[in-house]
Structure formats: structure tokens, C-alpha cells
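Tertiary structure, described
One-letter residues, chain by chain:
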Amino acid sequence: MTPSRPQFTPEQQAEVRRLQGLYPDPQGALLPVLHLAQDVFGYISEEVEEYVAGLFGLAPAHVHEVVTFYTMYFREPKGRHIVSVCHNLSCHLAGAPGILDHLRRRLGIEPGGTTDDGRVTLLAVECLCACEMAPMLQVDDRYEGNLTPETVDRLIDQLQ
Amino acid sequence: MSQSAAEPIEPILTRNFGRPDSHTLTAYRETGGYTGWAKALALEPAAITDAVKRSNLRGLGGAGFPTGTKWSFVPKGHAGPIYLVINADEGEPGTVKDRYLLERDPHALIEGMLIAARAIGSRLAFVYVRGEYVAPWRRFSAAVREAYDAGYLGRGLDVVVHRGAGAYICGEETGLISSLEGRKGWPKLKPPFPAIKGAFGAPTIVNNVETICQVPHIVNRGPEWFAALGTQTQGGTRLYSVSGRVRRSGVYEASVGVTLRQLIYEHAGGVTGNGRLKAVVPGGASAAILRADEIDVTMDVDGLRNAGTMAGSAGVIVMDETVSIPDALRVVARFYAHESCGQCTPCRETTGWIYRMTERIVEGRGRKEDLDTILDVARRGTGTTICAFYDGAVGPYISYIEKFRAEFEALIPHA
Ligand SMILES: Cc1cc2nc3c(=O)[nH]c(=O)nc-3n(C[C@H](O)[C@H](O)[C@H](O)COP(=O)(O)O)c2cc1C
Ligand code: SF4
Ligand code: FES
């Protein structure tokens with residue numbers, strides 16, 4: 001997990017400079033660099049915020065404000081897999097509450113929680129814009145739709 | 001209007017969707033791809049904008065603003081950089097179409113961007129893809145690399161593909177610009193409009209993915225052809241995302257003059273649940289709801305405005321008689337409470353408060369005066385906020401309660 005002094009490798013630092021060079025003002029690369037930082041360090045701790053702020057010459061408070069504004073940056077260690085169940089209208093009409101309840105029972109956690117073994121973080125999220133396959137969820141980078149408790153179980157079984 | 005909306009229209013935006021390799025440059029070229037760009041190269045920039053104006057293309061991201069007119073707002077003879085920004089932050093509940101375009105026809109967007117950039121004099125374009133759209137982002141980024149290798153990009157236009165990080169408000173064009181600049185996605189007061197002072201302080205045109213995907217066809221086949229596909233005041237076809245209680249949910253292309261009834265019963269195969277329609281949201285969650293007896297309307301911007309709602313993002317959400325409207329409003333209100341950026345007091349306070357009120361009503365703890373209080377409070381904030389998010393929230397608050405009041409009252413003890 002996050003070392004107390006986070007540090008990108010030379011290759012990652014080169015990637016940061018490449019990203020910064022794409023924008024008229026390097027600050028435009030802040031969101032992409034935070035994505036990179038989360039991939040590398042697991043989550044965005046206060047130390048990571050300070051480190052990223054240093055890469056941009058920004059105040060750590062600015063980076064903190066950005067990190068907390070968006071839902072995809074985690075400020076605490078997350079599970080090895082993120083399961084985000086959509087609970088907006090189309091999914092709701094298609095049975096999202098039942099899917100969410102099934103996951104609650106199956107994983108023994110509430111949305112926002114992580115299983116004790118660190119395998120899964122469960123989230124309830126707003127529309128992922130895949131309403132045509134409602135009810136749906138996102139597991140890491142992948143969208144999965146037309147869910148039933150059975151297909152949800154199979155998905156969870158596959159996660160290491 | 002030269003064509004009855006009931007006639008099936010040849011697929012335009014979706015013409016390649018059936019091909020498994022539709023996202024590749026080879027497939028795109030085989031079906032006439034990049035010929036619009038070749039034609040546009042022979043046109044003066046002003047002639048391109050003029051053609052888009054005559055086509056009656058209106059923005060398909062939500063606001064329905066005439067696209068050519070927007071392009072013409074870029075200051076003439078501007079010396080510094082001008083940016084084209086593509087809004088691929090699709091987030092309006094009920095809407096899935098831009099995801100289909102990014103995954104199945106990414107080169108159509110690139111070709112449209114080349115033409116739009118020529119029209120407005122831009123040499124650098126950004127495509128802002130919502131953070132959760134990882135697969136569409138990869139697909140589109142691969143197409144951008146192909147377009148660089150083939151020499152379409154990199155010779156006058158560069159394209160940066162930018163990923164968001166989860167926030168509905170970044171779909172609002174000035175929120176999107178704030179986010180692109182490396183800040184939280186707070187919308188900005190207008191004026192100045194982005195066309196005058198937008199991203200990084202430069203004139204910026206923000207257009208939706210689908211809007212720009214239409215542009216190659218307009219150049220290729222002419223503005224008159226495009227205009228004739230639609231109604232008097234809006235040209236073309238568009239992609240309707242249909243979800244909820246229907247037999248065949250999915251993305252359907254039809255004239256902007258198609259009726260809501262046709263979409264539900266012909267394209268999407270009719271209503272499921274108990275089979276009887278109760279209500280439908282025609283243009284994404286922020287559009288006012290319609291009752292079953294209000295679906296004989298055309299789906300164009302003016303048709304739905306006259307019906308007291310809006311075309312928005314063309315996300316159609318269908319509810320049959322077994323759906324509880326108060327419960328649906330609770331879900332929608334939770335969304336607005338969660339997504340308000342918190343900058344304006346009426347929006348921040350009212351969205352949270354109305355969510356708590358609807359929850360209380362659904363749980364059977366409502367009071368007699370609650371409904372009128374909600375209507376009153378909701379109305380008071382309209383028109384006072386920095387962006388249209390709040391007015392978008394008020395559409396459902398008011399319409400769900402006004403059109404289905406008895407259902408809310410039935411949940412309130414002693415109402
Ligand atoms: C709260 C809010 C959310 C919006 N979300 C989107 C969106 O996800 N995608 C989009 O293209 N436009 C969205 N818009 C509309 C944009 O502000 C803008 O009008 C549009 O991107 C312009 O492109 P167009 O003229 O091609 O439609 C949203 C507007 C508001 C007020
Ligand atoms: S209306 Fe709401 S979302 Fe828009 S700027 Fe104000 S607080 Fe933010
Ligand atoms: S409502 Fe769940 S994906 Fe849109």
C-alpha cells in the first residue's frame with residue numbers, strides 16, 4: 001500500500017510530464033495524473049495528495065479539494081475489486097434494490113464497505129449510462145448487465 | 001417537413017453498428033468514412049458553418065441549441081488558440097447513446113471533429129470521456145491512434161482524450177471546462193459564454209458526441225437532405241435510448257420527428273410489467289414526466305417543449321402501471337441531492353431537503369402540507385442558480401407531484 005513517501009518511478013514521472021505537455025496549462029493533467037497515482041499507490045492518501053501537488057506546483061489544499069469532489073478517487077485503502085451497483089431510475093425499475101440486497105447478504109457488507117479479506121469494495125452508484133442493460137453494475141473496468149442473483153454470484157465467485 | 005416521421009428512416013448514425021469491426025478505420029473507410037472530411041477540405045470554414053446552420057442540426061447533448069449558430073459565436077479573426085471540446089461525459093440517467101457511438105463508430109466522431117475544427121479554426125481538441133467509461137475510452141483512444149497513423153490527425157488538428165473521474169455535473173459545459181482545467185467541476189457564471197472565453201481562457205466550442213457525429217453526413221449529403229429528415233425547426237435523426245418497462249430496451253435511431261408512442265410501441269416493442277403504460281420520461285431524468293395520455297408528441301426540441309417537457313438527451317424511461325411514482329421520485333431526488341455541486345445555496349439545500357421529504361413520504365411519514373411545501377420550495381429556486389442543473393431537478397419534482405398527486409396523497413396519513 002501507500003508508502004509514507006510516495007514516489008513515481010522514472011517512467012511514471014516521464015508519463016506525468018507527457019500528460020502535462022498535452023494541455024495548454026499543465027494543470028489540465030491533474031485528473032489523469034490522479035488516476036495514475038491511484039493505479040500506482042492504490043488510493044489517494046494525504047501523502048499522495050501532497051506528492052501530486054508538488055508535481056504540479058499546486059497547493060496540497062487544491063489537490064485535496066479536487067480529490068474529494070470526484071467519486072472515483074479513493075481516500076482510503078479499497079478492496080482488490082470494486083463492485084458498483086447502479087441504483088438510479090432504470091436500474092431501480094429493473095430490480096436494482098434486490099441486486100443490492102443480494103450483494104449485501106452475500107458479501108456481509110453495506111455499500112461503502114470492504115470485505116474483511118480485502119477482496120471486494122461494494123458501492124451503490126448513480127446512473128452508469130448502461131440503462132438498456134438494467135439492472136447493471138460495474139466490476140472494476142467492466143460493465144455487466146441484465147443481472148440476476150445467479151449471475152451476480154458467478155461474477156463474485158470469479159473475483160480473486 | 002418532407003417526410004412523415006412514421007416512415008422508417010435509413011440508418012445514418014447507426015449504419016455501421018451491426019458490423020463487428022465497425023470501430024476500425026478499415027471498416028469506416030469501406031462505408032464511405034472520411035469522404036465528408038475530403039469534401040470539407042475544399043470548403044471555406046464559413047461555408048461549413050453555413051451548411052450546418054441550414055441543416056437545422058441542434059445540439060443533442062441536452063440543451064438543443066442550434067449547432068451552426070453556436071459555431072458562429074467564435075470571435076472572427078481571433079488571434080490566439082481556439083478549442084473544440086467534445087462532451088463525452090454522458091451522465092444523464094436514461095441515456096446511453098454516446099457510449100454506443102464511442103464504441104461502435106469512433107471514427108465518425110473523429111471525422112466530425114476534423115470538420116468542426118476546420119469550421120471554427122481550432123487546432124487542438126479535447127474529448128472529455130466520463131471516468132467510468134473505461135472500455136469506450138480505450139476504444140476511442142485506439143481510433144485516435146489509427147487516425148494519427150493514417151495522417152488524418154496531427155496535420156492541423158491534435159486530439160487529446162481526457163478522462164473524467166466521476167461527477168454528473170461535469171456534463172454541464174462550464175463544469176466540464178473547470179474539470180478539464182484540473183479543478184473540481186464547478187460550473188461557471190455565464191456570460192462570458194465558452195465560445196468567447198472557455199477552456200484555459202480561450203474561445204471554446206463544446207459539443208456533444210452525437211452532435212459532431214452528424215456533421216460528416218451533413219457535409220457529404222447536403223444540409224437540405226439532413227433538414228428534410230426532421231421537422232420544420234430541427235433536422236436529422238437522433239439516437240433514442242429506451243429503458244425501463246419495455247420489451248426491447250436499447251438504442252434506436254429515428255427522425256427527430258418520431259412520436260413517443262412510436263418509440264415505445266414500435267421500436268421498443270411495447271410495455272412490460274402489467275403491460276399498461278402509466279408514465280414516461282422522454283428526455284433523460286431531468287425532463288418533466290408525461291402521463292400515458294400524453295405520448296402522441298413528436299420528440300423534437302420544440303415538440304416536447306410545447307408538451308411542457310424537454311427533448312434533452314433523448315433518454316426515454318418507461319413506467320407501467322405497477323410502478324410507484326412517489327418511489328420513482330425518491331430515486332430521482334436522491335440522484336440530484338447526490339450530484340448537486342453545492343455552489344449555489346438554493347440548489348444545494350433544496351435538492352437535499354426534497355430528497356429527505358420524498359423519502360419521508362414514501363415511508364408513510366409524510367404530512368398533509370408536505371406536497372404543497374415541496375412544490376413551493378422547488379419553484380422558488382428556479383432561474384436563480386449558476387447552471388441549469390437545478391432547473392433540471394425541478395422538472396421531475398414538480399411534474400411527478402402535479403401529475404400523480406393522488407398517488408402521493410395516498411401515502412400520506414390523514415391527507
Ligand atoms: C446538469 C447538466 C448535465 C449535462 N450533461 C451533459 C452530458 O452528459 N453530455 C452532454 O453532451 N451535454 C450535457 N449537458 C449539456 C451541456 O451543458 C451542453 O449544452 C452540451 O454539451 C453542448 O453540446 P451540444 O450543443 O452539441 O448538445 C448537461 C447540462 C446540464 C445543465
Ligand atoms: S445549480 Fe447546482 S449544480 Fe449548478 S452550479 Fe449551482 S449548485 Fe452547482
Ligand atoms: S439507471 Fe442504471 S445504468 Fe442508468
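Residues numbered from 1 in each chain as written. Chains lettered and ligands numbered in written order. Predicted model: local features only at pLDDT ≥ 70, side-chain atom pairs only at ≥ 80, totals over all residues. Heavy atoms only, no water.

What about the packing of aromatic side chains?
For clarity, the cut-off: Centres within 6.5 Å are what make two rings of Phe, Tyr or Trp a pair, Trp counting through its six-membered ring; a difference in plane orientation under 30 degrees is then read as stacked, over 60 as edge-to-face, and the rest as tilted. The classification of residues rests on relative accessible area computed with a 1.4 Å probe and restricted to protein chains. Under 20% of the type maximum is buried, over 50% is exposed, and intermediate values are partly exposed. By the criterion adopted, a ring carries a charge over it if an Arg CZ or a Lys NZ lies within 6 Å of its centre and within 35 degrees of its normal.
Inspection of the entire model under this criterion finds 20 aromatic pairs over all chains. Ring geometry for phenylalanine 335 of chain B versus tyrosine 336 of chain B: centroids 4.9 Å apart, planes at 65 degrees, classification edge-to-face. On the basis of relative accessibility, which here comes to 1%, the residue phenylalanine 335 of chain B falls in the buried class. Judged by relative accessible area, tyrosine 336 of chain B falls into the buried class, the value being 0%. Note that lysine 78 of chain A overlies the ring of phenylalanine 74 of chain A, its terminal NZ or CZ placed 5.8 Å from the centroid. The positively charged end of arginine 163 of chain B is found above the aromatic ring belonging to tryptophan 137 of chain B, 4.9 Å away from the centroid.

What to know about the site of ligand 1
Residues and elements named next belong to chain B. Test applied: A single heavy atom is enough: if one lies within 4 Å of a molecule or strand, its residue is considered near that molecule or strand. Definition of a polar contact: a pair of N or O atoms within 3.5 Å, with one able to donate and the other able to accept a hydrogen when the atoms are protein atoms, and with sequence-neighbouring residues admitted only if both atoms are side-chain atoms. Secondary structure elements follow DSSP: runs of H or I of four or more residues count as helices, runs of E of two or more count as strands, with numbering from the N terminus. Polar here means any residue other than Ala, Val, Leu, Ile, Met, Phe, Trp, Tyr, Cys and Pro, which are nonpolar, and Asp, Glu, Lys and Arg, which are charged; Gly is therefore polar.
Taken together, 19 residues lie near ligand 1, and Gly61, Asn87, Asn207, Asn208 and Thr211 sit nearest. Glycine 61 is positioned with one of its backbone polar atoms (N or O) 2.8 Å from an oxygen atom of ligand 1. Between asparagine 207 and ligand 1, the recorded distance is 2.9 Å, taken from a side-chain N or O atom to an oxygen atom. When residues in the shell around ligand 1 are grouped by element, the largest group, three residues, is from strand 4 (residues 204-208). A breakdown of the residues in the shell around ligand 1 according to their chemical character gives six nonpolar, eight polar and five charged.

Thoughts on the domain arrangement of chain A
Cut-off, in case you're wondering: An automatic or database domain assignment is the source of the domain bounds shown.
You can read the domains of chain A as domain 1 (10-69) and domain 2 (81-157). Distance between the C-alpha centres of domain 1 of chain A and domain 2 of chain A: 29 Å.

Points about the sheet that holds strand 8 (residues 290-291) of chain B
All names here are of chain B. Cut-off, in case you're wondering: Whether two strands pair depends on DSSP finding at least two bridges between them.
Spatially, the five strands line up as an open sheet ordered 6-5-9-7-8, and their pairing is mixed. Lying at the two open borders of the sheet, with one neighbouring strand each, are strand 6 (250-255) and strand 8. Across four bridges, strand 5 (residues 237-244) lies against strand 9 (residues 315-320) in parallel orientation. Across the sheet, glycine 244 pairs through a bridge with valine 318, a residue of strand 9.

Focus on helix 9 (residues 209-221) of chain B
All names here are of chain B. Most of helix 9 is tucked away, with eleven of its 13 residues classed as buried. Buried within helix 9 we find Val209, Glu210, Thr211, Ile212, Cys213, Gln214, Val215, Pro216, His217, Ile218 and Val219. Count one or two residues on from helix 9 and you reach glycine 222, which has phi positive near 95 degrees.

Observations concerning the packing of helix 5 (residues 97-104) of chain B against helix 9 of chain B
Two quantities define a packed helix pair, namely the angle between the helix axes and the distance between the axes. All names here are of chain B. Here is the rule: In this analysis, axes come from line fits to C-alpha atoms, helices being fitted only over the stretch in contact, and the angle between any two N-to-C directions falls in the range 0 to 180 degrees. Each angle receives one of four descriptions, namely roughly parallel if under 35 degrees, roughly antiparallel if over 145, roughly perpendicular if within 65 to 115, and oblique otherwise. When checking whether two residues touch, look at their non-hydrogen atoms; a contact exists if any pair is within 4.5 Å.
Following both chains from N to C, one finds helix 5 and helix 9 inclined at 50 degrees, their axes separated by 9 Å at the closest point. Between helix 5 and helix 9, the angle falls in the class oblique. Residues Lys97, Asp98 and Leu101 of helix 5 form the contact with helix 9, whose own contacting residues are Val209, Glu210 and Cys213. Class assignment for the residues of the contact of helix 5 with helix 9 results in three nonpolar, no polar and three charged.

Examining the environment of leucine 239 of chain B
Residues and elements named next belong to chain B. Turning to its location among the elements, leucine 239 is positioned in strand 5. Since its relative accessible area comes to 0%, leucine 239 is described here as buried. Sequence separation of leucine 239 and isoleucine 412 is 173 residues, and the distance between their C-alpha atoms is 40 Å. Among all residues touching leucine 239, those that are not within four sequence positions of it are Leu13, Thr14, Lys97, Leu101, Glu210, Val251, Tyr252, Glu253 and Ala314.

Here we look at the site of ligand 2
All names here are of chain B. For clarity, the threshold we go by: Only protein atoms enter the 1 Å grid used here, on which a cavity is any set of points holding a 1.4 Å probe that cannot leave and a pocket is any open set flanked by protein within 12 Å on both sides along at least five of seven lines; residues with an atom within 4 Å of a point are listed as lining. More than half of a molecule's atoms within 2 Å of the grid points is what it takes for that molecule to sit in a cavity or pocket.
By nearness alone, 13 residues border ligand 2, and Cys341, Gln343, Cys344, Cys347 and Cys387 come closest of all. Here ligand 2 occupies the largest cavity. Taken together, the residues of the shell around ligand 2 sort by class into nine nonpolar, four polar and no charged.

A few points about the sheet that holds strand 1 (residues 83-88) of chain B
Strand-to-strand pairing in sheets goes through backbone hydrogen bonds, with the strands running parallel or antiparallel. All names here are of chain B. Pairing in this open sheet of four strands is parallel, and the strands run 3-2-1-4 from one edge to the other. The sheet is open, and its two edges are formed by strand 3 (158-163) and strand 4, each paired on a single side. The sheet shows a mean angle of 20 degrees between the axes of neighbouring strands, taken without regard to direction. Relative to strand 3, strand 2 (residues 124-129) runs parallel, the two sharing six bridges. Directly across from tyrosine 128, in strand 3, lies its bridge partner histidine 162. Packed on one face of the sheet, helix 6 (residues 106-120) meets strand 1, strand 2, strand 3 and strand 4 and runs near 145 degrees to strand 1.

Points about the layout of surface pockets
Residue and element names in this part refer to chain B. Selection rule: Grid points are joined across faces, edges and corners, and a volume is the space filled by probe spheres set on the points.
The volume enclosed by the second largest pocket comes to roughly 270 Å³. Lining the second largest pocket are 17 residues, and of these Trp71, Val74, Lys76, Ala119 and Ile120 sit closest to its centre. A per-element tally of the lining of the second largest pocket places helix 3 (residues 45-54) first, with five residues. Counted by class, the lining of the second largest pocket contains eight nonpolar, five polar and four charged residues.

Digging into the interface of chain B and chain A
Frequently, the measure chosen for interface size is the accessible area removed from exposure when the parts meet. To be explicit about the condition: Accessible-area loss on putting two parts together, using a 1.4 Å probe and summing over both, is the definition of buried area adopted here. When a carboxyl oxygen of Asp or Glu is within 4 Å of a side-chain nitrogen of Lys or Arg, the pair counts as a salt bridge.
The interface of chain B with chain A comprises 57 residues on the first partner and 35 residues on the second. Interface of chain B and chain A: buried area, both sides summed, is about 3600 Å²; carbon and sulfur atoms make up 61% of it. Of all residues in chain B, Glu132, Ala165 and Lys184 of chain B bury the most surface against chain A, accounting for 16% of the area lost on that side. Run the count over chain B and chain A and you get three salt bridges. Put simply, lysine 184 of chain B and glutamate 65 of chain A hold a salt bridge, and the shortest N to O gap is 3.6 Å. For the pair chain B and chain A, the interface holds 22 residue pairs in polar contact (both at pLDDT 80 or more). Secondary structure elements with two or more residues in the side of chain B that touches chain A: helix 5, strand 2, helix 7 (134-149), strand 3, helix 8 (173-180), strand 5, strand 9 and helix 13 (325-339) of chain B. Looking at which element gives the most residues to the side of chain B that touches chain A, the answer is helix 13 of chain B, with nine residues. The residue inventory of the side of chain B that touches chain A, partitioned by class, reads 27 nonpolar, 15 polar and 15 charged.

Observations regarding unusual backbone geometry
The linkage connecting alanine 134 of chain A with the following residue, proline 135 of chain A, adopts the cis geometry, with an omega of -5 degrees. Residue proline 191 of chain B is reached from lysine 190 of chain B by a cis peptide bond, and omega for that bond is -10 degrees. Mapped onto the fold, proline 191 of chain B is located in the loop between helix 8 and strand 4. In this model, tyrosine 34 of chain B sits at a positive phi of 70 degrees, which is unusual for a non-glycine residue. On the secondary structure map, tyrosine 34 of chain B appears in the loop between helix 1 (25-30) and helix 2 (35-41).

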